[in-house]
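Structural features, examined
The chain contents come next:
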Amino acid sequence: MTDDAGIAALHVPAWRRVLGSWWLLAVVVLATYLLSPVRDATEHDPAFVPLTAHSLVHQRDVALDEFGAQRLLGHPIVVTDGSLDPGFVVGLVGADGWTQLQAAVADPDVDVLDYFPWTSAVVAVPGVLVTDLLAAVGGGPDSEELIAEHRFAFVHTASASVVVLGALLALRAAALVVLSGSVDRRRVLANAVALVVAFGTSAWSTASRALWQQTPSILMLSLALWCAVRVDAEVEADDGGGASRSDPWVLGLGAAAAGSAIARPTNLAFAGILFVWVLVRRRPTVATLASVLTGALAVVGAFVVVNAVLVDRLVPAYYSAGRVQLGGWFAEAVAANWVSPSRGLLVASPVLLLAVPGAIVAWRDPERRSLVVALWTSVAAVTLSISAFPQWWAGHSFGPRFMTEAVPQLVVLALPAVDVVFAADRLRAGSPRRGRSVAAAVAVVALAAWSMAFHATGAVAGASGCWNRFPVDVDSDPGRIWSIADAQVLEPVRRVLDDERRAAQDAACLLAAPT
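Residues numbered from 1 in each chain as written. Predicted model: local features only at pLDDT ≥ 70, side-chain atom pairs only at ≥ 80, totals over all residues. Heavy atoms only, no water.

What follows covers the overall build of the chain. For the chain, the count of helices and strands is 24 helices and 3 strands. Along the three orthogonal principal directions, the C-alpha set of the chain runs to about 75 × 60 × 55 Å. By residue count, 51% of the 515 residues in the chain fall in the buried class. In the chain, once contacts between residues fewer than 6 apart in sequence are set aside, the share between residues at least 24 apart is 74%. Carbon and sulfur atoms make up 66% of the accessible area of the chain, which amounts to about 22,000 Å² in all. Both charge centroids of the chain, one from 35 positive and one from 43 negative side chains, sit 14 Å from each other. (Helix = DSSP H or I, 4+ residues; strand = E, 2+ residues; numbered from the N terminus. Buried < 20%, exposed > 50% of the residue type's maximum accessible area, 1.4 Å probe, protein only. Contact = heavy atoms within 4.5 Å. Areas by Shrake-Rupley, 256 points an atom, 1.4 Å probe, with all protein chains shown as cover. Lys, Arg positive; Asp, Glu negative; His and termini not counted. Charge placed at Lys NZ, Arg CZ, Asp CG, Glu CD.)

Here you go:
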């Protein structure tokens, strides 16, 4: 720090330093996430995450047999003897597959596993350990009791919230690199960006509500992007050059990008695109290649070894490429994931539209163009891959769950626009551009407010989750996501205005709730 910079820092008001502190961001986000009452997602796809975490802690495996056949109803499973197809769902006692499930649970040589990867369960392990420790010290229920009684939801969402907080802090760190001006300005603006991402995207309404695969996925994506902007900034500072030694940021990029693909296979294209970008961006290529491969292979190698030990396979069935298909739904799915009333990313988080002017601003600097191209290409790849799923409407969830993996890239793309819109010299009285600048700032704030209100519905109003089942199950009629009158985000309003709908919806959801 120069003497002038040090003197300037001493004159920064204490309240401004607090506003720019990472710990204030962490407290606000974590407190809001923990107090948000909607936790029904813990009974959807991530339902077996706590069970698998419990098995990891107490049985040193990922088998779910100890919980009994009835506890394993209604969710995709894998039976290691092959008696049921991977991902088969036994719906009810006596339904198709029930006999095989009972036999597998009773057979000590056969295991029943969660169909979804064990990676999310690893994140839930600390929650199991803390719960068991508190039970041992205070005499309350331990993790096994809470899981058996379907009372583990708070610990589950707390675990997810901590992971999302990690992603937000990584994006904040990336913003500090991209934004310009004094350290104080960058910190305050980076916190503002992180808060908008925290409450104006699926980070709140989806990733923090349960350990979906999207939860560890956005952490890995955000870490990879933090590394990418650091590499980009270092190369630009070196005037396009690079060091011959290994760069820890390139190493981290390789590890985080590989981790994102493991957390969610649809991120494989993101990882590949980022690998190509860093090889082109940073010279010499050999040193860069060695660094990025070291990071990636370390993560992939650990994943393969753990798979061999836990599930007796190098790659679990979930990662099969056959799950992605270019069916007749593809074009509709692409459109739906961007603009449908109940699943469209731009409807739920219009503040992310700033990625467009942000990319234009960045494009004016030739040094930043390659990363702009890489990030937009990865957003396109995410869109194409998730739209190729037969269940392209994201099943029982809230808002644009499948597009969660595009959020970190769009946030980084939007940062140059945020930098310009909230530039002090443009907003200052007497500036020739003040009128347009104030209008732009007001528009950004309005978009952020809309985004936050949308996702608050998913995190606070439980009725939005019941919308998936009533009046018609969205899995039976995915066309519902296009209806404006039946939009998921408006369900709490309809419940207030329509007593009969509220009563019928409550009955439908209570029947489907666990007992």
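Don't stop here, the text continues.
Our focus in this paragraph is empty space enclosed by the protein. Gaps left between atoms are located by rolling a probe of water-molecule size over the structure's atoms. With the rule as written, the count across this model stands at 2 cavities of 30 Å³ or more. Of the voids in this model, the largest cavity is the one considered here, and its volume is about 120 Å³. The wall of the largest cavity is formed by 17 residues, among which Val38, Asp40, Ala41, Ser397 and Phe398 lie closest to the centre. Every element with two or more residues in the lining of the largest cavity is listed here: helix H10 (202-207) and helix H22 (463-466). In this structure, the second largest cavity occupies an estimated 60 Å³ of space. What lines the second largest cavity is simply Ala167, Leu168, Leu171, Val197, Thr201, Ala203, Ile218, Ser222, Val407 and Pro408. Only helix H8 (153-178), helix H11 (214-237) and helix H19 (407-421) provide two or more residues apiece to the lining of the second largest cavity. If you tally residues by element for the lining of the second largest cavity, the top one is H8, at 3 residues. Considering only residue class, the lining of the second largest cavity consists of 8 nonpolar, 2 polar and no charged. (1 Å grid on protein atoms, 1.4 Å probe; cavity = no way out; pocket = protein on both sides within 12 Å on 5 of 7 lines; lining within 4 Å. Points joined across faces, edges and corners; volume = space filled by probe spheres on them. Nonpolar A, V, L, I, M, F, W, Y, C, P; charged D, E, K, R; others polar.)

Considering all chains together, one arrives at 12 aromatic pairs under this definition. Here the guanidinium or amino end of Arg480 rests over the ring plane of Trp467, the centre of that ring lying 4.1 Å away. (Phe/Tyr/Trp six-rings, centres within 6.5 Å; stacked < 30°, edge-to-face > 60°. Lys NZ or Arg CZ within 6 Å of the ring centre and 35° of its normal.)

Judged by pairing direction, the sheet is antiparallel, and its 3 strands sit side by side in the order E2-E1-E3 without closing on themselves. Where the open sheet ends on each side, the last strands, each with one partner, are strand E2 (88-89) and strand E3 (112-114). Both strand E1 (residues 76-79) and E3 contribute to a ladder of 3 bridges, which runs antiparallel. Among the inter-strand pairings, Val78 is bridged to a residue of E3, identified as Leu113. (Pairing = 2+ DSSP bridges.)

Time to look at the packing of H8 against helix H9 (residues 183-200). One way to put it is that H8 packs onto H9 with a least axis distance of 9 Å and a crossing angle of 140°. Classified by chirality, the crossing of H9 by H8 is right-handed. Note on element contacts: H9 touches H8 through Arg186, Arg187, Ala190, Asn191, Ala194, Val197 and Ala198, opposite Leu168, Leu171, Arg172, Ala175 and Leu176. The residue makeup of the contact of H8 with H9, split by class, is 8 nonpolar, 1 polar and 3 charged. (Axes fitted to C-alpha atoms, helices over the stretch in contact; angles between N-to-C directions. Left-handed = near helix turned anticlockwise from the far one by under 90°.)

Considering the arrangement of structural elements, one finds Thr42 in the loop between helix H3 (22-35) and helix H4 (49-58). With 167 residues separating them in the primary sequence, Thr42 and Arg209 have C-alpha atoms 7.3 Å apart. In contact with Thr42, not counting residues within four places along its chain, are Ala47, Ala153, His156, Thr157, Arg209 and Ala210.

This part takes up the pairing of E1. Where burial is concerned, the two faces of E1 agree: the one with Pro76 and Val78 and the one with Ile77 and Val79 are both buried. Both E1 and E2 contribute to a ladder of 2 bridges, which runs antiparallel. Bridging from a neighbouring strand, Ile77 pairs with Phe88 of E2.

The next point concerns the nonpolar core. Counting residues in hydrophobic clusters, the biggest one holds 127 residues, and the most contacted among them are Val29, Tyr33, Ile77, Leu101, Leu253, Trp277 and Leu410. Per-element tally for this core: the top contributor is H8, with 12 residues. Not counting residues up to four positions away in its chain, the partners in contact with Leu410 are Trp338, Leu345, Leu352, Ala355, Trp376 and Val379. Listed in part, the 7 residues of the second largest apolar core include Ala333, Ala336, Trp393 and Val474. (Core = buried A, V, L, I, M, F, W, Y, C linked by side-chain atoms within 4.5 Å.)

Our focus in this paragraph is the confidence of the model for the chain. Taken over all residues, the pLDDT of the chain has a mean of 92, while the share at 70 or more is 95%. In this model, residues 1-7 is a region of pLDDT below 50 whose contacts with residues beyond four sequence positions or in other chains number 1 contact. (pLDDT = per-residue confidence, 0-100.)

Two side chains of opposite charge can pair, provided their charged atoms sit close to one another. In this structure the tally under the stated criterion is 16 salt bridges. Salt-bridge contacts for Asp499 lead to Arg502; the nearest nitrogen and oxygen are separated by 2.7 Å. Taken as a pair, Asp499 and Arg502 lie in helix H24 (residues 499-512) at a separation of 3 residues, close to a single helical turn. (Salt bridge = Lys/Arg side-chain N within 4 Å of Asp/Glu carboxyl O.)

Omega for the peptide link from Arg283 to Pro284 comes to 0°, which places this bond in the cis form. For Pro284, the location among the structural elements is in the loop between helix H13 (268-281) and helix H14 (285-310). Each neighbour pair has its own omega, and for Phe470 with Pro471 the value is 5°, a cis peptide bond. For Arg60, which is not glycine, the phi torsion reads 60° and is therefore positive. Inspection of the secondary structure puts Arg60 in the loop between H4 and E1. One non-glycine residue, His150, lies in positive phi territory at about 55°.

Nonpolar side chains collect at one region of the surface, where Val18, Trp22, Trp23 and Val27 lie side by side and expose about 410 Å² of accessible area between them. Looking at the nonpolar patch element by element, the count peaks at 3 residues for H3. Position of Trp23 relative to the elements: it lies in helix H3. (Patch = residues over 30% accessible without salt bridge, like charges linked within 9 Å, V, L, I, M, F, W, Y side chains within 5 Å.)

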